Every structure is written in structure tokens, then in C-alpha cells.
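Spelled out from the first residue to the last, the chains are:
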Amino acid sequence: MDQRYATSPENVPGMDTAELRRRYLVQDLFVAGEVRALYTHHDRVVLAGISPLDVALELGTFPEIRSDHFFDHREAGVVNVGGTGTVTVDGTEHVLSKGSCLYIGRGAQAVSFAATDASGNDGAASFYLVSAPAHTAYPTTLVEAGQGTQRELGDPLTSNRRTLNQYIHEDGVRSCQIVMGVTQLHPGSMWNTLPAHTHDRRTECYLYFDLPADARVIHLMGEPTESRHLVVGDREAVISPSWSVHSGVGSASYAFVWAMAGENQSFDDMDGFAIADLR
């Protein structure tokens, strides 16, 4: 398991492009037939890409988390960003179509991932997992794509019309820390979160997907008065520390999985910054 150590805003001004990408951009998370995982010390979040082909893949433990099973002291949200697949948790099989979300609670032991049909337009199943420490157990729960709490945001005139699906949150699927959902931009819209904002009490991670191979998202990060950017491709993730602003604009429409972990689960607990105030 790769690791990314926590950083502070004082580190950012001295970073060049390569260092920014090394610290905050997560590439090559999805490799066919493999489980790829990364441990970030920002709120102890683990990101994983699980890409089964003909054989189911088991999510085992890792030396870095010091437990017999991955979920001994953790919970996770899983979103499928590929074709239909299954996640089996302690013998119970859950079918995830593209965009569906599965919450896995603390105490799960045998967790495996399988692809059921790789012949469709979305290819084989690709599971994106975000995990955080958990102090208690909530039941493993599946939410089908589009069945969570939906919020219509933005305006076509400002190129940020989007549908936000909340799956794991304080008024939906219960968790200890994880808050998770999927946002789909409408045709013709390119900007995601506006206004750009920070979460002083939560780390947030984005996974961009359904982005054409020749397109990119310019993801804004850093302090609002000392902003930087990352150029992000399809199925690449961004680690956004609690002190970092986050927003982005793409060269084509796309979707993204957003996931947060920290001491506060209120979705609207954020500090916004008008685009005219960013530097």
C-alpha cells in the first residue's frame, strides 16, 4: 500500500508541479485484475481501486493498518464506476450497477469484488473504495444509482448545472465518518463545485470518471489566497486536505465521486469563496 503523509498549507507555495501531483493526485488506481490501495494520513483515509476480471478479488488487510481484517476498525463506501459487478460481504452478495454505492460497516471480515459482464459500453466493473476509521458498526447498505437524496444545483448560464446524489450522509445511509455521493454534470456544463470552498473539519477526496480519454479536468486546490491546480484525467483521484479549497472545470462533461471523512458529517458545513476572491 502506498502512503501519502499529511501536509499543511505552508508546504504548498514551495511545491513545483511534480511535487503537487505526487502529494495530492492519485493515478493508476485502477489496474485490471488488481487491488490498488493508498493510505493518506489526512484523516487516516484509505483510497482503493478494485478491478476484477475473470476472478473475484478479495480485499485483504494491509500491514499499514495493523489489523487482522481490513474492516476490524474501519468502515468504507464503495462506488462502482464501471460495468455491473458484485460485492460480497460475509456471504451476502450485493449487485452494483454503474454509479451505485455500497456502505460496508465496521466488523466485516470476508469482502470480495467480482465483475459480472465486461461486454457492455462501461467494460468490467471498477470499484472505488474510500475508507476511514470507525468507532462503531452500522449495517452494510446498498443504494442503487439515482436512489439517494438528489439535489439539482447550478445553472446552465454559468456552466455548472449538475445533479448531486447523496448516498452516505447524516440523513441517508448511516456511518461513523464517511460522507459519500456522486455528482453528474449536465451536458454543456463543465464546472463542478461552485462556489469553491473548504471543509475545516473534513478531508475530501474526488474521483473523476466518465471523462473522455482526450479530456482533462483542471482541479483547483490550495488556500483560497494561494491557489494551485492539478490537471486530472479519467479515473484519477485528488486528495483535498481540510484546509484546501476545491473546485474544477473540465474540457468535456464528466462525473465525480466525492467522499469526506472527519468529525462533522453535515454536508452544508463549508466555507465558500467567490471565484472573484480566489488568487
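A short note on the pairing of strand β7 (residues 85-89)
Phase 1: In terms of residue burial, β7 counts as a mostly covered element, since 5 of its 5 residues are buried.
Phase 2: Neither face of β7 is left uncovered, since the one carrying G85, V87 and V89 and the one carrying T86 and T88 both have all their residues buried.
Phase 3: Where β7 and strand β8 (residues 92-96) come together, 5 bridges link them in antiparallel fashion. Across the sheet, residue V89 finds its bridge partner in β8, namely T92.
Phase 4: The sheet contact formed by β7 and strand β10 (residues 111-115) spans 5 bridges and is antiparallel. Within β10, the position partnered with V89 by the bridge is V111.

A short note on the side chain of S175
Phase 1: By the secondary structure assignment, S175 is in the loop between β14 (162-168) and β15 (179-185).
Phase 2: S175 sits in the buried class, given a relative accessible area of 2%.

A few points about the nonpolar core
Phase 1: Within the largest apolar cluster, 29 residues are counted, with the highest numbers of intra-cluster contacts made by L47, Y128, V130, I168, M180 and V257.
Phase 2: Among the elements of the structure, β4 (45-50), β9 (101-104), β11 (127-133), β14, β15, β17 (202-209), β20 (236-240) and β22 (255-262) are those that each provide at least two residues to this core.
Phase 3: When residues in this core are grouped by element, the largest group, 4 residues, is from β22.
Phase 4: In this structure, I65, F70, F71 and V78 belong to the second largest nonpolar core, which totals 24 residues.

Focus on the sheet that holds β10
Phase 1: The strand order β5-β10-β7-β8 describes an open sheet built from 4 strands, whose pairing is antiparallel. At either margin of the open sheet sits one strand with a lone partner, and together these are β5 (57-58) and β8.

Topic: the pairing of β4
Phase 1: Burial analysis of β4 places 6 of its 6 residues in the buried class, the great majority of the element.
Phase 2: The alternating pattern of β4 places V45, L47 and G49 on one face and V46, A48 and I50 on the opposite face, and all of these are buried.
Phase 3: By the bridge criterion, 6 bridges tie strand β3 (residues 35-40) to β4 in an arrangement that is antiparallel. Paired with R36 across the two strands is G49, which belongs to β4.
Phase 4: Linking two consecutive strands that pair antiparallel, namely β3 and β4, is a turn of 4 residues; a positive phi of about 55 degrees is found at D43 within it.
Phase 5: Alignment of β4 against β11, held across 5 bridges, turns out to be antiparallel. Bridge pairing links G49 to Y128 in β11.

A short note on the side chain of H42
Phase 1: Inspection of the secondary structure puts H42 in the loop between β3 and β4.
Phase 2: In this structure H42 comes out as buried when scored by relative accessible area, which is 8%.
Phase 3: A distance of 3.2 Å separates the side chain of H42 from the backbone nitrogen of T7, its partner in a polar contact.
Phase 4: When sequence neighbours within four positions are dropped, the list of residues in contact with H42 reads Y5, A6, T7, T203, I239, P241 and W243.

Here we look at the environment of F70
Phase 1: Tracing the backbone shows F70 in the loop between β5 and β6 (74-80).
Phase 2: With relative accessibility at 3%, the residue F70 sits in the buried group.
Phase 3: A C-alpha to C-alpha distance of 24 Å links F70 and L25, two positions 45 residues apart in sequence.
Phase 4: Excluding its chain neighbours within four sequence positions, the residues that come into contact with F70 are V46, L59, G60, T61, F62, I65, L129 and S131.

With respect to the sheet that holds strand β19 (residues 226-232)
Phase 1: Strand order in this open sheet of 3 strands is β19-β18-β21, and the pairing throughout is antiparallel. Edge strands, defined here as strands with exactly one partner in the open sheet, are β19 and β21 (247-250). Adjacent strand axes in the sheet meet at a mean angle of 25 degrees when their direction is disregarded.
Phase 2: Where strand β18 (residues 217-223) lies against β19, 7 bridges are found, and the strand directions are antiparallel.

Describing the packing of aromatic side chains
Phase 1: Evaluation of the coordinates by the stated rule reveals 8 aromatic pairs.
Phase 2: Arranged with centres 5.2 Å apart and planes meeting at 55 degrees, the rings of F113 and F127 form a pair that is tilted. With F113 in strand β10 and F127 in strand β11, this residue pair connects regions lying 14 residues apart in the sequence. Each member of the pair, F113 together with F127, is buried.
Phase 3: The interplanar angle of 75 degrees and the centroid separation of 5.7 Å between the aromatic rings of Y206 and Y208 together place this pair among those described as edge-to-face. Each member of the pair Y206 and Y208 is classed as buried.
Phase 4: Connected via pairs of aromatic rings, a cluster forms that spans Y206, Y208, Y254 and F256.

About the cut-offs
- Residues numbered from 1 in each chain as written.
- Predicted model: local features only at pLDDT ≥ 70, side-chain atom pairs only at ≥ 80, totals over all residues.
- Heavy atoms only, no water.
- Buried < 20%, exposed > 50% of the residue type's maximum accessible area, 1.4 Å probe, protein only.
- Helix = DSSP H or I, 4+ residues; strand = E, 2+ residues; numbered from the N terminus.
- Pairing = 2+ DSSP bridges.
- Core = buried A, V, L, I, M, F, W, Y, C linked by side-chain atoms within 4.5 Å.
- Polar contact = N/O pair within 3.5 Å; in protein donor to acceptor, adjacent residues only side chain to side chain.
- Contact = heavy atoms within 4.5 Å.
- Axes fitted to C-alpha atoms, helices over the stretch in contact; angles between N-to-C directions.
- Phe/Tyr/Trp six-rings, centres within 6.5 Å; stacked < 30°, edge-to-face > 60°.

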